[in-house]
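# Coordinate analysis (summary)
Here is how the chains run, residue by residue.
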Amino acid sequence: MRCIVTGAAGFVGSSISDALLEAGHEVVGIDCFIDYYPREMKERNLENARSHDKFQFVEQNLLGADLDSLLEGADWIFHQAAQAGVRASWGGSFSIYTDNNILATQMLLEAAKGERAAKTLKKFVYASSSSVYGSAEILPTTEKVLPCPVSPYGVSKLAAEHLVGLYDKEFDVPTVSLRYFTVFGPRQRPDMAFHRFIKAGILDEPITVYGDGEQSRDFTFIDDIVKANIRAAEVESRGEVLNIGGGSRVTLNQTISVIEDVLGKKLVVDRRERQHGDARHTGADTSRAKSVLDFAPKYPLEKGLSAEADWLETAVLSSTTGK
Ligand SMILES: NC(=O)c1ccc[n+]([C@@H]2O[C@H](COP(=O)([O-])OP(=O)(O)OC[C@H]3O[C@@H](n4cnc5c(N)ncnc54)[C@H](O)[C@@H]3O)[C@@H](O)[C@H]2O)c1
């Protein structure tokens with residue numbers, strides 16, 4: 001298959017690209033290295049894919065790219081590009097979220113519709129988010145629960161998800177939206193809690209926890225997210241919105257104990273006030289993904305955290321020793 005992966009230098013996009021290449025597919029990866037975190041980390045994410053002759057990397061912003069020619073001959077599109085991050089989405093930076101999350105998605109859908117959707121394109125998979133639910137009152141949450149985001153980021157992901165659904169219904173673009181619940185593992189973004197906690201632990205620095213630490217999340221290991229994406233592309237079903245979660249809900253305080261076990265040392269915790277936009281709890285009911293994709297999460301938290309710690313040991317040590 002000829003696959004387009006947007007956000008291909010990021011955490012999830014680079015992991016999907018690697019798996020597609022491993023399975024023998026051709027991948028066109030698009031990314032513009034937005035400066036939310038260092039380019040150096042994204043370049044490292046791309047190293048494996050760049051060594052494949054079936055990988056082509058295009059450094060371009062979706063907002064200014066010639067999408068028509070980039071999508072030429074595409075069978076599957078995995079749309080991962082976005083401005084991530086809940087806390088930074090308030091205030092003046094909101095336009096970065098509307099541009100990269102809503103407008104860029106609309107432009108990609110425009111390029112996918114018409115002749116392309118009718119003849120070549122087999123699936124458009126969109127990376128949605130559990131943040132569309134906000135602090136859902138029903139846990140675990142099914143896709144039938146009315147979305148009610150508590151952050152501007154969540155609003156932007158939901159708006160784009162609605163666009164994806166509209167282009168499926170109105171213009172016959174075959175889509176699936178996957179609502180990821182907090183993704184972790186090797187290559188996790190440096191602003192995310194596990195990355196910050198493990199790195200601080202390795203360097204013997206204190207960690208910052210916002211709120212009382214009793215907020216809970218359904219953490220999903222990256223390999224499960226990658227598998228769900230590829231299944232979503234392979235299956236006939238379309239027009240679906242599916243939760244992709246890790247299978248259990250854990251509080252932040254509990255995850256700190258697991259990280260302490262993995263690292264074999266105690267973490268020094270600096271507690272600060274809850275941040276605006278942080279959902280209290282998230283938990284996925286994944287029965288719909290089980291029936292449509294035959295999806296079941298495979299990686300328990302401890303195993304996934306060990307893999308992330310191994311990766312960070314290498315990344316942190318190599319950046320501090322300059323190797
Ligand atoms: N990581 C999570 O826990 C999580 C949870 C829910 C949903 N998601 C969604 O999954 C997707 C991937 O997230 P991630 O954690 O890998 O983030 P990431 O920041 O590591 O990757 C996103 C990539 O998209 C690129 N990008 C952004 N706007 C672009 C544009 N206009 N043109 C070209 N490239 C652009 C960025 O440069 C970045 O490399 C995002 O859509 C995010 O909203 C992630």
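One can find the structure itself at the top, above this paragraph.
Because the structure is predicted, anything quoted here is derived from the model rather than measured.

Considering soluble globular proteins, one finds that nonpolar side chains tend to be buried as a cluster. Ranked by size, the top nonpolar core spans 74 residues in total, and within it Ile-77, Ala-112, Val-125, Leu-178 and Ile-244 carry the most contacts. At seven residues, helix α8 (residues 222-234) tops the list of elements feeding residues into this core. In terms of nonpolar packing, the next biggest core, distinct from the first, is built from five residues, Val-132, Tyr-133, Ala-136 and Val-155 among them.

What follows covers the sheet that holds strand β5 (residues 123-129). To summarise the sheet geometry, strands pair through backbone hydrogen bonds and adopt either a parallel or an antiparallel arrangement. Strands sit in the order β3-β2-β1-β4-β5-β6-β11 across an open sheet of seven strands; the sheet is parallel. Strand pairing shows two members of the sheet lacking a second neighbour, β3 (55-59) and β11 (240-244), which therefore form its edges. The average undirected angle you get between the axes of adjacent strands in this sheet is 20 degrees.

On to the pairing of β3. The sheet contact formed by strand β2 (residues 26-31) and β3 spans five bridges and is parallel. Along β3, the bridge assignment pairs Gly-29 with Phe-57. For the segment spanning β2, helix α2 (residues 39-50) and β3, crossover handedness is right-handed.

Right, let's get into the site of the ligand. Neighbouring residues of the ligand: 30 residues in total, closest Gly-7, Gly-10, Phe-11, Ala-82 and Ser-129. Of all elements in the fold, only α1 (11-22), β2, α4 (94-112) and β5 reach the threshold of two or more residues within the shell around the ligand. For the shell around the ligand, the leading source of residues is α1, giving three residues. Residues belonging to the shell around the ligand are distributed by class as follows: 17 nonpolar, nine polar and four charged.

Reading the values: the criteria
- Residues numbered from 1 in each chain as written.
- Predicted model: local features only at pLDDT ≥ 70, side-chain atom pairs only at ≥ 80, totals over all residues.
- Core = buried A, V, L, I, M, F, W, Y, C linked by C-beta atoms within 7 Å.
- Buried ≥ 20, exposed ≤ 12 C-beta atoms within 10 Å, placed from the backbone.
- Helix = DSSP H or I, 4+ residues; strand = E, 2+ residues; numbered from the N terminus.
- Pairing = 2+ DSSP bridges.
- Axes fitted to C-alpha atoms, helices over the stretch in contact; angles between N-to-C directions.
- Right-handed = clockwise from strand over helix to strand, strands pointing away.
- Near = placed C-beta within 6 Å.
- Nonpolar A, V, L, I, M, F, W, Y, C, P; charged D, E, K, R; others polar.

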